[in-house]
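Geometric and topological summary
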Amino acid sequence: MAHQAEVSMKVNGAESKSVIEPRMLLVHYLREELNLTGTHIGCDTSQCGACTVLLDGDPVKSCTVLAVQANGKSITTVEGLASKEGLHPIQMSFWEKHGLQCGFCTPGVMIAAIGLLNENPDPSEEEIRLALEGVICRCTGYQFIVDAVKHAAQTLREAGETKVAMADSMKA
Amino acid sequence: MASLIGSAVRRKEDPRLLTGNGCFTDDIKLTGMVHAAFLRSPHAHARIIRVDTEKARSLPGVTAVFTGLDLAGKMKAVPAMWFLPGCDLKPKDRPALATDKVRYAGEAVAVVIAENRYVARDALDLIEVDYEVLPAVVSQELAMQDDAALLHDDVPNNLALLWKAGEIPDEVFADAEVVVKQRLYNQRVIPSPMETRGAVAQYNPGSGEMTLWCTSQNPHIHRLIYADVLGIPETKLRIIAPDVGGGFGAKIATYTEEAVVACIAREIQKPVKWVEERKEHFMATSHGRDEVLEVELAGTKDGRITALRVTNTANLGAYLSTFGAGCPTIDFGLMVTGAYAIPQAAVVTYGVYTNTTPTDAYRGAGKPEATYQIERAIDLFADKIGMDPVEVRRINLVPNDAFPYNSAMGVTYDSGDYQKALDKALEIFDYEAFREEQKEQRQKGKYLGVGFSTYVELCGFGPSAVAGAIGFQGGVWENSTVRVHPGGTVTVFTGTSPHGQGTATTFCQIVAEKLGVPLSDVELVSGDTQSVSMGWGTYGSRATAVGGAAVSLATDRVIEKARKIAAHELETTVDQIEFIAGQFTVKGDLSRSRTIQQIARSANYAWNLPEGVEPALEGQSFFDPSNFVYPFGTHICVVEVDEGTGEVEIKRYIAVDDVGRVINPLLAEGQVHGGIAQGVGQALWEGAVYTEQGQLQSGTFMDYTMPKARFFPPIESAFTETLSPVNPLGAKGIGETGTTAAPPAVVNAVMDALKPFGVAALDMPLTPEKVWRAIRSGRDKE
Ligand code: FES
Ligand code: FES
């Protein structure tokens, strides 16, 4: 039997602790161990970004990180975006602007967008398109994703948020 | 209140998808569930000498290992479902797992069942297979030659079908004023929905019931085929398509893996899950297109097209896939004349087996290839006679007074206003200004080009009698039940099976509008053979035109029944009842009325129903359309080609589409964008590349270029609305317009940009290397 490793991390604000195989990918840890199936797997070569989550606030492809590498860190997945008050502005914008069709890429795309807005609260169309380099969407042709990100940026600016509010996880 | 039909409401399906609460196949977890992984052939063509699974079986955590021989007698091979008559079709079914021979790289030869996917993968490495490698053949043209390797011993020249439609005497071309001849390759593409395929099977040994969750565009078709493959009656086989992450045709087909997973769940009496890895998806899920098109167009010097003859040599891959025989024949052949009144046309299609992944429908299925050849041929014709490509199109477009128009290929275009769509697109574009700019920019060494595509496509197959005549083993009608609950909320059932289209919103819009109830009171049920009595799924842009029509008619039945009950309660006759915005009112007496919700309660309680009216408030419709529907439009693409690098940049993309009645403009535009991205993808970047030995080189997202956000400018989309007379909604179907219209628009634009270099024809994808080489060799000639 392969040897086991203990990992603990804060996921969407909740502490988790598990004994796992050291080779387990973070995305499988989230999906299989924690039942957080909102984070998807779209490829096996780190191209599609469907698996994107925030690791200590930065977007990473969770299929390219071992769960043990996230030991002691803080993770936000799509499940952690909405709060008791309702949908996160990025979710709201994707809804308003029809930024999703099948919805499979969407969790990763929204998280990647949050990564962008954290760095650049007022991105141009061009900057948004460039920032989406790490994600693939087969359904939308991206235009309404771009519109959604633009709209989210505006909403957040108007609300005076400097850093995109992150679930309870990051606040906690 | 504004009508809900035609209104850009937000989607009902979004809140769950946006919060990570969707349920895709891989999200399903059952108690005691084990995981399957398939061992796939590394060779494109080989005899299987020996499969040794001993070591794999003994790995801790492995439940079982099966080879093809182990499954013999437990399930059948998976057949196609389109048996086209009159073409000497030689269908070859997909074996459950290959036993004697593998016929494409990636064909499954064994399957491991283990406690988790990591162990299952480990065990694959422990299976030993001895192969005797055979010569492989990849190109359909080579495969037809006498000395080519044979895939199936009883299929000479690997010729699976030879289909002919129409005939034109050679003199017509010999005597024509102008003839254009061109060979075009519509390359093989890989559909690549972001969710790969997957299946979860659960068998109840007590009742004999099997539930199979799988990534399906058409669960009832999967039930129909797998019931026979697995020997389970339809009463005991339940197929559920949960949230499905895109399909684009790839999830129409009935493959072997899903059936194998179900078969094994029954064998080992444990739930089994299989989720395709992306690299498996590239090899094992059907590919699209791959057709060599030889087009011959005859015309007059003043721009009239007089005849068209096309030969299509289509690569079917190693086995006949579900709709495989129909795509390069019916779907392609019937539309070769495009939007033009061409008096004579003829098509010959060769369907050929090769050592490649089987091909099947991919967003548009045959229509994009048909559109590609005619739109390219028109530009070549325009060039040859020195006429503007827009002018040639104008001269030949089917005129408005010709509808319903009987084409030379024997189909009847339902309705259209082709000039109007063209006019609208040109208005957005400003053609004259562009030609001026093009001239100026050329002086400065900048190469702009414009391409047009005045397309029409055929969707929403029907009636079912036609499906029967063309050998489709099923119907093409659609089913809907509209059920009004005692409390007044409404459940709508549809036999279509959405996977991104937003049907849960559009169909509920139709019902809410007609019944005059809030949209939030209406919910859609789809994708489950146990909940929905029957249906044929979502493909061929049929959901709204056929499925939506059934929804509309079922709602009418609800209203009809409710009207009777209202008349009874209001003590008047049925013809005295008006139904407006959810209220049944006695004509001329607004004080006497009932809401639809009140009638729902009366109908369900059934305390006081009129004579002959049964309890409950529910309507069902089985809608079999009288004809196909024909969406059309004009797409205009502007590109700039970089002379130094060969890179093509899309500067503008204008799409004017006419899809009949638009139910939700926001969702319609989303469909247009997505289709265009895929169509431009085929034109410029995407393409399956095989080595001569049949190894798929473009087998990951590193090697297969998927369109990214930064590849596109904003698309300028607009609609004209010409209703279809074929269904009560007047809808035409929208899903495939982009992949149909975009490839020729883009290629025509690039060819226009390359004119100064004397480049005549290039095949897709127009990669920088290809364009750069063409520019260079063009220059060398000077
Ligand atoms: S699954 Fe992580 S990048 Fe595709
Ligand atoms: S919405 Fe389907 S892949 Fe993006």
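Note that the structure is predicted; figures quoted are calculated from it, not measured.

The next point concerns the overall build of chain B. Helices and strands together make up the secondary structure of chain B, namely 21 helices and 28 strands. Relative to the globule expectation of 28 Å for 782 residues, the C-alpha radius of gyration of chain B, 27 Å, shows essentially globular dimensions. Here the C-alpha coordinates of chain B stretch approximately 90 × 70 × 50 Å along the principal axes. Residues classed as buried in chain B amount to 64% of the 782 residues present. For chain B, restricting intrachain contacts to residue pairs at least 6 apart in sequence, the fraction spanning at least 24 positions comes to 80%. In the form shown here, chain B has an accessible surface area of approximately 26300 Å², with 49% of it arising from carbon and sulfur atoms.

Right, let's get into the pairing of strand β18 (residues 447-456) of chain B. Residue and element names in this part refer to chain B. Taking burial as the measure, the ten residues of β18 include ten buried ones, the bulk of the element. The alternating pattern of β18 places Tyr447, Gly449, Gly451, Ser453 and Tyr455 and Leu448, Val450, Phe452, Thr454 and Val456 on opposite faces, both of which are buried. Alignment of β18 against strand β26 (residues 632-641), held across ten bridges, turns out to be antiparallel. Each bridged residue has a counterpart across the sheet, and for Phe452 the counterpart in β26 is Ile636.

Residues and elements named next belong to chain B. Each domain of chain B was delimited in the assignment, giving domain 1 (14-134 + 194-246 + 251-284), domain 2 (288-461 + 627-781) and domain 3 (477-623). In this structure, domain 1 and domain 2 have C-alpha centres spaced 36 Å apart. Contacts between the two partners involve 31 residues from domain 1, matched on the other side by 30 residues from domain 2. In total, about 2400 Å² of surface goes out of reach between domain 1 and domain 2, with carbon and sulfur atoms giving 68% of it. Taken as a group, Trp82, Arg94 and Phe282 account for 29% of the area that domain 1 buries against domain 2, more than any other trio of residues on that side. At the junction of domain 1 and domain 2, the tally comes to zero salt bridges. Taken together, the connections running from domain 1 to domain 2 amount to 13 residue pairs in polar contact (both at pLDDT 80 or more). Residue contributions to the side of domain 1 that touches domain 2 peak at five residues, all from helix α9 (residues 278-284). Split into classes, the residues belonging to the side of domain 1 that touches domain 2 amount to 19 nonpolar, three polar and nine charged.

What follows is about the packing of aromatic side chains. Residues and elements named next belong to chain B. Evaluation of the coordinates by the stated rule reveals 27 aromatic pairs over all chains. Their ring planes at 85° and their centres at 6.1 Å tell us that Trp82 and Phe461 sit as a pair that is edge-to-face. Within this pair, whereas Trp82 is found in the loop between α3 (68-71) and β4 (101-102), its partner Phe461 is found in the loop between β18 and α15 (464-469), the two being separated by 379 residues in sequence. Relative accessible area serves as the criterion here: at 3%, Trp82 is assigned to the buried category. Ring centres of Phe403 and Tyr418 lie 5.3 Å apart, and the angle between their planes is 80°; this geometry places the pair in the edge-to-face category. Of the two residues, Phe403 sits in the loop between α12 (389-396) and β16 (405-406) while Tyr418 sits in helix α13 (residues 418-429), which places them 15 residues apart along the sequence.

Moving on, we get to a negative patch on the surface. Taken together, the side chains of Asp430, Glu432, Glu436, Glu437 and Glu440 of chain B make up a negatively charged region of the molecular surface. Here Asp430 of chain B lies in the loop between α13 and α14 (431-443).

Residue and element names in this part refer to chain B. As enumerated under the stated definition, the model contains six cavities of 30 Å³ or more in all. Counted as a void, the largest cavity has a volume near 810 Å³. Forming the walls of the largest cavity are 50 residues, and the residues nearest its centre are Thr538, Gly540, Ser541, Arg542 and Gly735. If you list the elements that add at least two residues to the lining of the largest cavity, you get α10 (327-333), α16 (503-515), α17 (543-569) and α19 (665-684). Of the residues assigned to the lining of the largest cavity, the class counts are 23 nonpolar, 20 polar and seven charged.

Right, let's get into the sheet that holds strand β11 (residues 237-240) of chain B. Residues and elements named next belong to chain B. In spatial order, the strands read β3-β5-β1-β12-β9-β10-β11; together these seven strands make up an open sheet with mixed pairing. Strands with a single pairing partner mark the edges of an open sheet, and in this sheet they are β3 (62-67) and β11. Geometrically, the sheet is characterised by an average inter-axis angle of 20° between neighbouring strands, direction not taken into account. Pairing geometry for strand β9 (residues 198-204) and strand β10 (residues 209-214), over six bridges, is antiparallel. Bridge assignment links Ala199 to a residue of β10, and that residue is Cys214.

Residues and elements named next belong to chain B. By secondary structure assignment, the location of Gln217 is in the loop between β10 and α7 (219-230). Within the local environment of Gln217, its side chain forms a polar contact with the backbone nitrogen of Gly249, the two atoms lying 2.9 Å apart. A polar contact is formed between the side chain of Gln217 and the side chain of His499, at a distance of 3.5 Å. Aside from chain neighbours lying at most four places away, what touches Gln217 is Gly247, Phe248, Gly249, Ala250, Lys251, Ile252, Ser497, His499, Gly537, Thr538 and Tyr539.

Before going further, it helps to spend a moment on helix α5 (residues 143-158) of chain A. Look at α5 of chain A: 23 Å from first C-alpha to last across 16 residues, which is about the 22 Å you get at 1.5 Å a residue. Residues Gln143, Phe144, Ile145, Val146, Ala148, Val149, Ala152, Ala153 and Leu156 of chain A constitute the buried set of α5 of chain A. Considering only its buried residues, α5 of chain A is in contact with α2 (89-96), α3 (106-119) and α4 (125-131) of chain A together with α19 and β28 (715-719) of chain B. Among the residues trailing α5 of chain A, Gly160 of chain A stands out with phi positive, at a value near 75°.

Let us look at the interface of chain A and chain B. On the chain B side, the residues contacting the 50 residues of chain A number 56 residues. Summed over both partners, the interface of chain A with chain B buries about 4700 Å², with 57% contributed by carbon and sulfur atoms. Counting the contacts that link chain A with chain B gives eight salt bridges. In this structure, the salt-bridge partner of Arg23 of chain A is Asp122 of chain B, at a minimum N-O distance of 2.6 Å. Top contributing element to the side of chain A that touches chain B by residue count: α2 of chain A, with five residues. Across the side of chain A that touches chain B, the residue classes tally to 23 nonpolar, 16 polar and eleven charged.

Looking now at the pattern of salt bridges. All names here are of chain B. Applying the stated criterion across every chain yields a total of 57 salt bridges over all chains. A salt bridge links Arg16 to Asp243, with the shortest nitrogen-to-oxygen separation between them at 2.5 Å. Note that Arg16 is positioned in helix α1 (residues 14-18) and Asp243 in the loop between β11 and α8 (256-268), a separation of 227 residues in sequence. Among the ionic pairs, Glu195 bridges to Lys251, the shortest N-O distance being 3.0 Å. Of the two residues, Glu195 sits in the loop between β8 (178-189) and β9 while Lys251 sits in the loop between β11 and α8, which places them 56 residues apart along the sequence. By relative accessible area, Glu195 is classed as buried at 5%.

The computed volume of the largest pocket comes to approximately 950 Å³. Looking at the largest pocket, it is lined by 44 residues, and the ones nearest its centre are Asp44 of chain A together with Arg117, Arg121, Glu277 and Lys279 of chain B. Looking at the lining of the largest pocket, the elements that each hand over two or more residues are α1 (26-33) of chain A together with β1 (34-40), α4 (117-124), β12 (272-275) and α9 of chain B. Here the element with the most residues in the lining of the largest pocket is β1 of chain B; it accounts for six residues. Broken down by class, the residue content of the lining of the largest pocket amounts to 16 nonpolar, ten polar and 18 charged. As a volume, the second largest pocket reaches approximately 570 Å³. In terms of lining, the second largest pocket is formed by 21 residues, of which the most central are Val648, Glu649, Ile650, Arg710 and Phe711 of chain B. Within the residue set of the lining of the second largest pocket, elements represented by two or more residues are α4 of chain A together with β26 and β27 (648-658) of chain B.

Residue and element names in this part refer to chain B. Following the sequence through the fold, Ala98 ends up in the loop between α3 and β4. You can call Ala98 buried: its relative accessible area is 5%. Discounting residues that sit within four places of it in the chain, Ala98 has contacts with Ile48, Gly68, Glu107, Ala108 and Val109.

Reading guide: rules and limits
- Residues numbered from 1 in each chain as written.
- Chains lettered and ligands numbered in written order.
- Predicted model: local features only at pLDDT ≥ 70, side-chain atom pairs only at ≥ 80, totals over all residues.
- Heavy atoms only, no water.
- Helix = DSSP H or I, 4+ residues; strand = E, 2+ residues; numbered from the N terminus.
- Rg over C-alpha atoms; globule rule 2.2 N^0.38 Å.
- Buried < 20%, exposed > 50% of the residue type's maximum accessible area, 1.4 Å probe, protein only.
- Contact = heavy atoms within 4.5 Å.
- Areas by Shrake-Rupley, 256 points an atom, 1.4 Å probe, with all protein chains shown as cover.
- Pairing = 2+ DSSP bridges.
- Domains from an automatic or database assignment.
- Buried area = accessible area lost by both parts, 1.4 Å probe.
- Salt bridge = Lys/Arg side-chain N within 4 Å of Asp/Glu carboxyl O.
- Polar contact = N/O pair within 3.5 Å; in protein donor to acceptor, adjacent residues only side chain to side chain.
- Nonpolar A, V, L, I, M, F, W, Y, C, P; charged D, E, K, R; others polar.
- Phe/Tyr/Trp six-rings, centres within 6.5 Å; stacked < 30°, edge-to-face > 60°.
- Patch = residues over 30% accessible without salt bridge, like charges linked within 9 Å, V, L, I, M, F, W, Y side chains within 5 Å.
- Lys, Arg positive; Asp, Glu negative; His and termini not counted.
- Charge placed at Lys NZ, Arg CZ, Asp CG, Glu CD.
- 1 Å grid on protein atoms, 1.4 Å probe; cavity = no way out; pocket = protein on both sides within 12 Å on 5 of 7 lines; lining within 4 Å.
- Points joined across faces, edges and corners; volume = space filled by probe spheres on them.
- Axes fitted to C-alpha atoms, helices over the stretch in contact; angles between N-to-C directions.
- Expected span 1.5 Å × (residues − 1).

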